[in-house]
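Structural overview for review
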Amino acid sequence: MSREVKINLEHVSRIEGHGNIVMNSKNGKIQSIKWQVPEAPRFFEKLLTGRDYQDISHIASRICGICSIAHSLASLKASENAMGVVISDQTILLRKLALHAENIQSHILHVGYLAAPDLFGVGSIFPLIKTNRNAVTDIIKLHRLANEMSELICGRTTHPITLKVGGFTKIPAEEGLISLEEKLNNSFDIFRDVSKTILANIDKLPNFERETEYIGLVSDKEYALYDGMIGSTDTGMHDIDEYLSITNEFVVPHSTAKYTEHMRESYMVGALARFNLNNSRIKQKGKEVAENFGLESPCFNPFMNNVAQLVEVAHCLEDSIYIINRLIDRGLHDERVQVEVSAGRGIGAVEAPRGILFHDYVIDEDGKCIKANCIIPTNQNHANIQKDMEAFAPTLLHKSRDEIEHNLEMLVRAYDPCISCSTH
Amino acid sequence: MKPKVAVFDFASCEGCELQIMNLEEKVIDLIDIVDVVSFREAMKENSNDYDIAFIDGCIVRPLDEKRLKEIRNCANILVAMGSCACFTGINGLRKQFTDEDVKRTVYGNAIIENNPYFDVFQPKAIDEVVKVDHYIYGCPIDRNELAEVITSLVMGKKPDIPNYPVCVECKQKENICVFDYGNFCIGPVTRAGCGAICPTNNCGCEGCRGLVNDPDTESELEVLQRYGLSLDDALDRFEMFCYQKGVVK
């Protein structure tokens with residue numbers, strides 16, 4: 001049978017940023033397949049240079065509108081490490097809470113608004129408002145809760161205000177945390193309903209596997225999100241200082257976002273990578289979700305990243321309650337932040353919703369940033385998306401052109417790529 | 001018939017687009033009054049048939065310039081959404097460096113010449129390329145202000161964007177002035193509409209919404225001097241979002 005399939009999908013929809021899929025096949029053979037990233041570069045590493053340490057995190061936050069809290073935290077950690085600033089236990093707890101808020105917000109946005117329409121065979125969440133109103137309003141309730149949580153801790157839902165080098169400009173009042181705890185406790189029923197709706201349609205996710213290397217923060221104390229060492233399923237544990245030899249960024253002509261590689265041609269970061277590396281430390285509610293969906297480590301199906309995100313939502317909801325209780329037990333204190341400016345280099349790593357994120361700064365004796373490097377989760381996923389496409393596309397060639405395109409688009413979406421962030 | 005609305009983005013963090021989804025339950029009400037026909041970040045369908053286009057981000061390459069002009073041709077009303085779109089916002093910081101310098105810093109020695117993806121010029125606000133009908137300021141935009149703009153446009157009214165400084169909203173909130181904490185603030189000359197959200201969180205205004213028309217720079221300098229604060233520090237603050245639009249320079 002002689003059949004040619006040409007796909008030239010400019011700007012994959014329901015993802016953050018601009019990415020194209022170009023594929024040509026002839027007589028059941030792939031001739032070329034390319035994941036392209038035409039996103040407009042913004043040159044943040046240059047924009048940060050010359051800026052005062054007090055402004056760096058507020059500029060770095062603008063790398064991404066969806067994971068601005070993770071960028072702020074990686075930025076603050078890098079600046080604090082560069083200047084030898086020690087932060088309090090209260091600050092660490094509040095920062096972890098802020099990161100949970102963003103993780104819940106981002107994952108619900110992705111699974112609920114961006115990925116779920118594929119499970120229902122529609123183009124967006126909008127038609128579901130009529131056909132599945134309860135599911136949509138439940139998704140919105142969880143999304144709103146996560147945003148309210150960000151607002152309480154960070155002063156705003158997008159681009160945090162209160163997070164600063166050494167601590168906070170303002171901490172939440174105890175009543176605010178108590179009311180948040182109540183809302184979190186009430187959220188499990190809503191989450192269970194959302195989770196059930198997704199589970200009922202989960203067979204729409206393709207059953208595709210390709211083993212790769214998974215990289216993320218790891219810790220022996222907890223499911224690592226705010227802090228830890230670099231973990232790889234191929235090479236084990238590494239110090240954060242080794243991040244350059246793990247990521248090995250390089251430029252390809254068809255992408256304004258850099259690519260990375262470690263032990264293989266590509267590796268994966270994000271919720272599925274974290275699950276594969278750290279699943280034993282997930283809180284009970286998260287473990288229940290994994291069990292319901294049959295997600296077990298190691299999982300080599302990138303589409304299950306959607307499920308790993310749901311697992312993390314349950315984990316973060318439960319862990320947030322635990323953190324709030326610790327904060328209230330200790331009593332909240334308005335801590336005065338004293339920062340001694342000193343020159344040095346510092347690296348900060350956190351798990352953003354889409355994977356491990358590094359900021360690396362050199363700060364001079366006046367507290368100005370003189371050199372910056374940022375390696376973004378989606379940077380680290382681009383090569384893996386390409387390699388997955390190369391393996392996945394040949395299995396689709398018996399399908400119609402539109403179905404092939406739809407499946408490839410779903411593959412990209414499964415990574416929840418944050419493309420403008422990756423190009424930065 | 002409901003007006004058809006489209007949303008597009010250029011060089012930005014897409015945080016302003018996210019504010020649409022951050023309207024939460026209000027999104028359901030909004031799609032009762034408008035038909036969203038193109039919104040790549042949220043929907044697969046797209047169309048060139050729309051009345052109102054919302055633009056997030058600024059313009060940095062010929063290929064983006066071309067796409068923006070095509071959008072302008074389709075739209076009756078074009079709204080610049082967020083400070084990147086309105087006056088290049090944080091991207092303006094790039095204007096202190098040459099294009100070659102920024103490319104070398106980020107992409108090193110990689111061969112990117114004659115590659116349209118990397119062919120950047122100095123950041124341009126949307127109105128430096130096409131006519132803009134309305135502006136929604138902020139980094140990010142205030143989602144309630146966005147909802148008001150959409151509602152106004154649907155009713156055929158001119159959106160009411162404040163032209164008074166952040167201090168007015170800050171006073172309404174009865175905040176202690178951040179200058180009294182020893183911080184500096186450019187609230188006295190920055191356009192309000194944010195509800196003085198930064199000063200309310202004990203953080204000086206960074207000017208993300210840009211300057212009010214005819215800012216009173218004399219009194220800002222007076223205020224700085226009164227609190228013994230340095231002009232250089234203040235200039236840094238003006239530069240963060242309004243590079244080359246600094247009122248003191």
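Just so it is clear, the model here is predicted, and its values are computed rather than measured.

1. Comments concerning the overall build of chain A
Secondary structure assignment for chain A yields 14 helices and 12 strands. Compactness check: chain A gives a C-alpha radius of gyration of 21 Å against a globular reference of 22 Å for 424 residues, within 12% of the reference. Relative to its 424 residues, chain A shows a buried fraction of 57%.

2. What to know about the environment of Phe-97 of chain B
Structurally, Phe-97 of chain B is set in the loop between α4 (83-87) and α5 (99-107). For Phe-97 of chain B, a count of 18 C-beta atoms within 10 Å puts it in the partly exposed group. Residues Phe-97 of chain B and Gln-122 of chain B, 25 residues apart in the sequence, show an inter-C-alpha distance of 9.0 Å. Dropping the residues within four chain positions of it, Phe-97 of chain B is found in contact with Lys-46 of chain A together with Val-102 of chain B.

3. Focus: the interface of chain B and chain A
In this complex, chain B contributes 49 residues to the contact, which on the side of chain A involves 46 residues. Those elements that place two or more of their residues in the side of chain B that touches chain A are α1 (15-21), α2 (26-33), α5, α8 (197-200) and α10 (231-242) of chain B. In terms of residue count, α1 of chain B provides more of the side of chain B that touches chain A than any other element does, five residues in total. The residue inventory of the side of chain B that touches chain A, partitioned by class, reads 28 nonpolar, nine polar and 12 charged.

4. Focus: the environment of Pro-162 of chain B
All names here are of chain B. One can find Pro-162 in the loop between α6 (143-154) and α7 (166-172). Separated by 44 residues in sequence, Pro-162 and Glu-206 have C-alpha atoms that sit 17 Å apart. Sequence-distant contacts of Pro-162, that is, excluding residues within four places in its chain, are made with Arg-191, Ala-192 and Gly-193.

5. Observations concerning the domain arrangement of chain B
All names here are of chain B. In terms of domains, chain B is made up of domain 1 (4-154) and domain 2 (166-242). At the junction of the two partners, domain 1 supplies 12 residues and domain 2 supplies nine residues. The element that contributes the greatest number of residues to the side of domain 1 that touches domain 2 is α4, accounting for three residues. Taken together, the residues of the side of domain 1 that touches domain 2 sort by class into six nonpolar, four polar and two charged.

6. What to know about the pairing of strand β12 (residues 369-375) of chain A
All names here are of chain A. For strand β11 (residues 355-363) and β12, the ladder comprises six bridges, and the chain directions are antiparallel. Bridge pairing links His-359 to Cys-374 in β12. A loop of five residues connects β11 with β12, the two strands running antiparallel in sequence, and Gly-367 in this loop sits at a positive phi of about 80°.

7. A closer look at the sheet that holds strand β6 (residues 213-218) of chain A
Note: strands within a sheet are paired through backbone hydrogen bonds, in either parallel or antiparallel orientation. Residues and elements named next belong to chain A. Pairing is mixed across the open sheet formed by four strands, whose spatial order is β8-β7-β6-β9. What marks the edges here is a single partner per strand, and that holds for β8 (236-238) and β9 (267-268). As judged from the four bridges shared by β6 and strand β7 (residues 229-232), these two strands associate in the antiparallel manner. Looking at β7, one finds that Leu-217 is bridged to Ile-230.

8. Describing the sheet that holds strand β10 (residues 344-352) of chain A
All names here are of chain A. Ordered in space as β10-β11-β12, the three strands form an open sheet in which the pairing is antiparallel. Because the sheet does not close on itself, it has two edges, and the strands there are β10 and β12. Each strand axis lies, on average, 15° off the axis of its neighbour in the sheet, ignoring direction.

9. Quick notes on the confidence of the model for chain B
The predicted model of chain B averages 92 in pLDDT, with 95% of residues at 70 or higher. Predicted complex metrics record ipTM = 0.96 and pTM = 0.97.

10. Focus on the packing of helix α12 (residues 377-392) of chain A against helix α13 (residues 401-414) of chain A
All names here are of chain A. Their axes nearest at 10 Å, the elements α12 and α13 cross at an angle of 150°. In terms of orientation, α12 and α13 fall into the roughly antiparallel class. Crossing hand, α12 versus α13: right-handed. Counted together, Ile-385, Asp-388, Met-389 and Phe-392 of α12 and Leu-408, Leu-411 and Val-412 of α13 form the full contact between these two elements. Looking at the contact of α12 with α13, its residues break down into six nonpolar, no polar and one charged.

11. Re the domain arrangement of chain A
Residue and element names in this part refer to chain A. For chain A, the assigned domains are domain 1 (4-36) and domain 2 (44-423). Put simply, the middle of domain 1 and the middle of domain 2, counted by C-alpha atoms, are 27 Å apart. Each partner contributes to the interface: domain 1 provides 19 residues, whereas domain 2 provides 25 residues. For the side of domain 1 that touches domain 2, the element with the most residues is strand β3 (residues 29-36), which contributes five residues.

12. What about the pairing of strand β4 (residues 77-81) of chain B?
Look at any regular strand and the pattern is simple: side chains alternate between the two faces of the sheet. Residue and element names in this part refer to chain B. Burial analysis of β4 places four of its five residues in the buried class, the great majority of the element. Pairing geometry for strand β3 (residues 52-56) and β4, over five bridges, is parallel. If you follow Ile-55 over to β4, its bridge partner there is Ala-80. As for the winding sense of the linkage, the β-α-β connection from β3 through helix α3 (residues 62-74) to β4 is right-handed. Pairing analysis gives three bridges linking β4 to strand β5 (residues 134-136), with the strands arranged parallel. Note on β5: the bridge partner recorded for Met-81 is Ile-136.

13. A word on the packing of helix α2 (residues 53-60) of chain A against helix α3 (residues 68-83) of chain A
The description of two packed helices rests on the angle between their axes and on the distance between the axes. Residue and element names in this part refer to chain A. One can describe the packing of α2 onto α3 by two numbers: an axis separation of 8 Å at closest approach and a directional angle of 155°. Taken together, α2 and α3 sit at an angle that is classed as roughly antiparallel. Seen along the crossing, α2 lies across α3 with a hand that is right-handed. From α2, Tyr-53, Ile-56, Ser-57 and Ala-60 reach across to α3, where they touch His-71, Ser-72, Ser-75, Leu-76, Ser-79 and Met-83. Here the residues of the contact of α2 with α3 are counted per class, giving five nonpolar, five polar and no charged.

14. Some remarks on the nonpolar core
One finds Val-311 and Val-350 of chain A together with Ala-53, Ile-55 and Val-79 of chain B to be the most contacted residues of the largest nonpolar core, which totals 206 residues. If you tally residues by element for this core, the top one is helix α4 (residues 89-120) of chain A, at 13 residues.

About the criteria used
- Residues numbered from 1 in each chain as written.
- Chains lettered and ligands numbered in written order.
- Predicted model: local features only at pLDDT ≥ 70, side-chain atom pairs only at ≥ 80, totals over all residues.
- Helix = DSSP H or I, 4+ residues; strand = E, 2+ residues; numbered from the N terminus.
- Rg over C-alpha atoms; globule rule 2.2 N^0.38 Å.
- Buried ≥ 20, exposed ≤ 12 C-beta atoms within 10 Å, placed from the backbone.
- Contact = placed C-beta atoms within 7 Å.
- Nonpolar A, V, L, I, M, F, W, Y, C, P; charged D, E, K, R; others polar.
- Domains from an automatic or database assignment.
- Pairing = 2+ DSSP bridges.
- Axes fitted to C-alpha atoms, helices over the stretch in contact; angles between N-to-C directions.
- pLDDT = per-residue confidence, 0-100.
- Parallel < 35°, antiparallel > 145°, perpendicular 65-115°, else oblique.
- Left-handed = near helix turned anticlockwise from the far one by under 90°.
- Right-handed = clockwise from strand over helix to strand, strands pointing away.
- Core = buried A, V, L, I, M, F, W, Y, C linked by C-beta atoms within 7 Å.

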